[in-house]
Amino acid sequence: MGSVKDYFTSLAGGISSLLQGMQVTAKEFVTPKITERYPENRDTMHIPERFRACLELIYDEEGNHKCIACGTCERNCPNGTITLETKMVDTWDGKKKKKLAKYIYDLGSCTFCQLCATSCPTNALKFSNDFEQAVFTRSKLVKQLNYLPEKPEPEPTEEEKAKILAEREAKIAAAKAAAAAKAAAAKQAGGESPAQ
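To keep things clear, this report deals only with the structure shown in the data block. Quick caveat: nothing in here was measured; it's all calculated off a predicted structure.

So, the layout of surface pockets
Its volume calculated, the largest pocket comes out at about 300 Å³. Classifying every residue of the lining of the largest pocket gives 8 nonpolar, 3 polar and 6 charged.

As for the pattern of salt bridges
The full count for this structure, using the stated rule, is 1 salt bridge. Put simply, Arg 42 and Glu 132 hold a salt bridge, and the shortest N to O gap is 2.7 Å. Placement of Arg 42 in the loop between α1 (2-30) and β1 (54-57) and of Glu 132 in the loop between β4 (125-128) and β5 (142-144) is noted, with a sequence separation of 90 residues between them.

Overview of the sheet that holds strand β3 (residues 96-106)
Paired through their backbone hydrogen bonds, the strands of a sheet run either parallel or antiparallel. Spatially, 3 strands are ordered β2-β3-β5 in an open sheet, and the strand pairing comes out antiparallel. Every other strand in the sheet has two partners, leaving β2 (82-90) and β5 as the edge strands with one partner each. Within the sheet, the average angular offset between the axes of one strand and its neighbour, ignoring direction, is 25 degrees.

Let's talk about the nonpolar core
Ranked by size, the top nonpolar core spans 22 residues in total, and within it Leu 55, Leu 57, Tyr 103, Tyr 105 and Leu 125 carry the most contacts. Elements supplying a minimum of two residues to this core: β1, β2, β3, α3 (115-119) and β4. Once residues within four sequence positions are removed from consideration, Tyr 105 is found in contact with Cys 54, Leu 55, Thr 81, Ile 82, Cys 110, Phe 112, Phe 127, Leu 141, Val 142, Lys 143 and Leu 145.

Some remarks on the packing of aromatic side chains
Going through the model one piece at a time under the given rule, you end up with 4 aromatic pairs. Both rings, one in Tyr 7 and one in Phe 8, keep their centres 5.2 Å apart while their planes meet at 70 degrees; by these two values the pair is edge-to-face. Phe 8 sits in the partly exposed class, given a relative accessible area of 49%. Ring plane angle 50 degrees and centroid distance 4.9 Å describe the contact between Tyr 59 and Tyr 147, whose orientation is recorded as tilted. Here Tyr 147 lies in the loop between β5 and α4 (158-195) and Tyr 59 lies in the loop between β1 and α2 (72-76), a separation of 88 residues in the sequence. Judged by relative accessible area, Tyr 147 falls into the exposed class, the value being 59%.

What counts, and at which threshold
Residues numbered from 1 in each chain as written. Predicted model: local features only at pLDDT ≥ 70, side-chain atom pairs only at ≥ 80, totals over all residues. Heavy atoms only, no water. 1 Å grid on protein atoms, 1.4 Å probe; cavity = no way out; pocket = protein on both sides within 12 Å on 5 of 7 lines; lining within 4 Å. Points joined across faces, edges and corners; volume = space filled by probe spheres on them. Nonpolar A, V, L, I, M, F, W, Y, C, P; charged D, E, K, R; others polar. Salt bridge = Lys/Arg side-chain N within 4 Å of Asp/Glu carboxyl O. Helix = DSSP H or I, 4+ residues; strand = E, 2+ residues; numbered from the N terminus. Pairing = 2+ DSSP bridges. Axes fitted to C-alpha atoms, helices over the stretch in contact; angles between N-to-C directions. Core = buried A, V, L, I, M, F, W, Y, C linked by side-chain atoms within 4.5 Å. Buried < 20%, exposed > 50% of the residue type's maximum accessible area, 1.4 Å probe, protein only. Contact = heavy atoms within 4.5 Å. Phe/Tyr/Trp six-rings, centres within 6.5 Å; stacked < 30°, edge-to-face > 60°.

Structural data, given as structure tokens:
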């Protein structure tokens, strides 16, 4: 007896679900249709700012970007769409510094998760909302993001050089004094222990 009751209960539930679905479908028959006039309305079409379309390096007015070639974006990308090529350059004081040579981005395998932009320590990346990225070959989706020529490392003025060298000498002198004090303390501690 219970199985017949369960059968009719489930049958009534199925019919109710079917009628709800048909009600949604029937509403769509009378809803006014909206036609996108995409190629003609390019100039007036509104694209939301939140829409993520293509990764870009942020350049300032002088043509500089903030990328320090740390590789955080490359490591955080789940699909491996970012490849950084770096180079070492010599600075005026004889040190070596890592610089960005090429920032390669594969739009075709990007999932637009924004992990690269949110994890960037210098906020050098952003997603544009330029959605027109259709091409005929997949190789054209691989882009180099640092498109402007790299500027040479700026050399400081004579005053800045003198200040930097003075600070360096002060640090070296402080380190030598600390090492001498530590050696004297160790010598004194070594000299007292046999007496005890």
